[in-house]
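Here's the letter readout for the chains.
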Amino acid sequence: MKLSVFIATSLDGYVARVNGDIDWLMKFNASLPADEDCGYADFISAIDTIVLGKNSFNKVLEFDQWPYANKRVIIMARSDVLVPDVLKNKVSVFSGTPKELVRSLNVKDANNLYIDGALIIQSFLNEGLIDELIVTVIPTLLGEGKSLFGRVNQDINLRLIDVKKYDFDAVQLKYAAIK
Ligand SMILES: NC(=O)c1ccc[n+]([C@@H]2O[C@H](COP(=O)([O-])OP(=O)(O)OC[C@H]3O[C@@H](n4cnc5c(N)ncnc54)[C@H](OP(=O)(O)O)[C@@H]3O)[C@@H](O)[C@H]2O)c1
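All figures in this text were calculated on a predicted structure; none of them were measured in a lab. (Residues numbered from 1 in each chain as written. Predicted model: local features only at pLDDT ≥ 70, side-chain atom pairs only at ≥ 80, totals over all residues. Heavy atoms only, no water.)

Q: Can you walk me through the side chain of Asp116 in this structure?
A: Examined against the element boundaries, Asp116 turns out to sit in strand E6 (residues 112–116). Buried charge without a partner: Asp116 forms no salt bridge, and the closest opposite charge is Lys146, 12 Å away. Sequence-distant contacts of Asp116, that is, excluding residues within four places in its chain, are made with Phe6, Ile7, Val51, Leu52, Gly53, Ser56, Tyr68 and Ile121. (Helix = DSSP H or I, 4+ residues; strand = E, 2+ residues; numbered from the N terminus. Buried < 20%, exposed > 50% of the residue type's maximum accessible area, 1.4 Å probe, protein only. Lys, Arg positive; Asp, Glu negative; His and termini not counted. Salt bridge = Lys/Arg side-chain N within 4 Å of Asp/Glu carboxyl O. Contact = heavy atoms within 4.5 Å.)

See the structure below:
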């Protein structure tokens, strides 16, 4: 089972503004050539299970369209989460720890997991569960916001697998966790 992160941050390391807004990211994405997705389509095509933090799920609900087609989506939430009726066959809610979640999944149909949401990513990192981190750095300074990374229980060392420099000023870093 492989657990991956694919996320965009501002140059100063934020995934969203303090209030959760990602307008700066949407604006940047909208400025890209129509066929440019920084590798997202390739990445998501290999994913069978998406694990979303509750805050990220609530943000995705604001989008015009459900972005995950028919892929299995698991929301990590310890408190109540409102799942709209139209999504009830696509989405489940899990209230345990990352380790418990991984243990509960059947490796046969959960081979490639996409972990999304900063707090959730931090939680999986702290339990030593992330294998690959793909971070696209957007050339914007937000000054404050929700940080991708936070406290760690112990140092987490990574190996740099790839760096892509885009001609629209973004950089994409791909790391593998050293376990
Ligand atoms: N830049 C990007 O590419 C990108 C990608 C994804 C998301 N985002 C943005 O990031 C923001 C959301 O990120 P976030 O960091 O605030 O939240 P998050 O990681 O999406 O969700 C965190 C919430 O999940 C619940 N949770 C359940 N188990 C947990 C655990 N083990 N560890 C941590 N939380 C757990 C908690 O809510 P309860 O305790 O209430 O259950 C917690 O508050 C949104 O604004 C979204 O738009 C940006």
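Structure's up, so let's keep going.
Q: In this structure, what is going on with the site of the ligand? I would like to understand it.
A: Near the ligand lie 24 residues; those nearest to it are Ala8, Gly20, Ser56, Arg78 and Ser79. Expressed as a share of its isolated accessible area of 930 Å², the protein-covered part of the ligand is 87%. More than half of the atoms belonging to the ligand lie within 2 Å of the grid points that define the largest pocket. Listed by contribution, the elements that provide at least two residues to the shell around the ligand are strand E1 (2–10), strand E2 (14–16), helix H3 (54–60) and helix H5 (118–126). (Near = heavy atom within 4 Å. Areas by Shrake-Rupley, 256 points an atom, 1.4 Å probe, with all protein chains shown as cover. 1 Å grid on protein atoms, 1.4 Å probe; cavity = no way out; pocket = protein on both sides within 12 Å on 5 of 7 lines; lining within 4 Å. Sits in = over half its atoms within 2 Å of the grid points.)

Q: I would appreciate a short explanation of a nonpolar patch on the surface in the present structure.
A: A cluster of nonpolar side chains, Val152, Ile156 and Leu158, forms an exposed patch at the surface whose accessible area comes to about 210 Å². For Leu158, the position within the fold is in strand E9 (residues 158–165). (Patch = residues over 30% accessible without salt bridge, like charges linked within 9 Å, V, L, I, M, F, W, Y side chains within 5 Å.)

Q: Honestly, the pairing of strand E10 (residues 171–177) in this entry has me stumped. Any pointers?
A: On a regular strand, one side chain projects to one face of the sheet and the next to the other, so that they alternate. For strand E7 (residues 132–138) and E10, the ladder comprises six bridges, and the chain directions are antiparallel. Residue pairing for E10: Glu132 is matched across the bridge by Ala176. Here seven bridges tie E9 to E10, and the two strands are oriented antiparallel to one another. Paired with Leu160 across the two strands is Tyr175, which belongs to E10. Taking the residues that link successive antiparallel strands as the turn, the E9-E10 hairpin has five residues, and the phi of Asp169 there is positive, at about 75°. (Pairing = 2+ DSSP bridges.)

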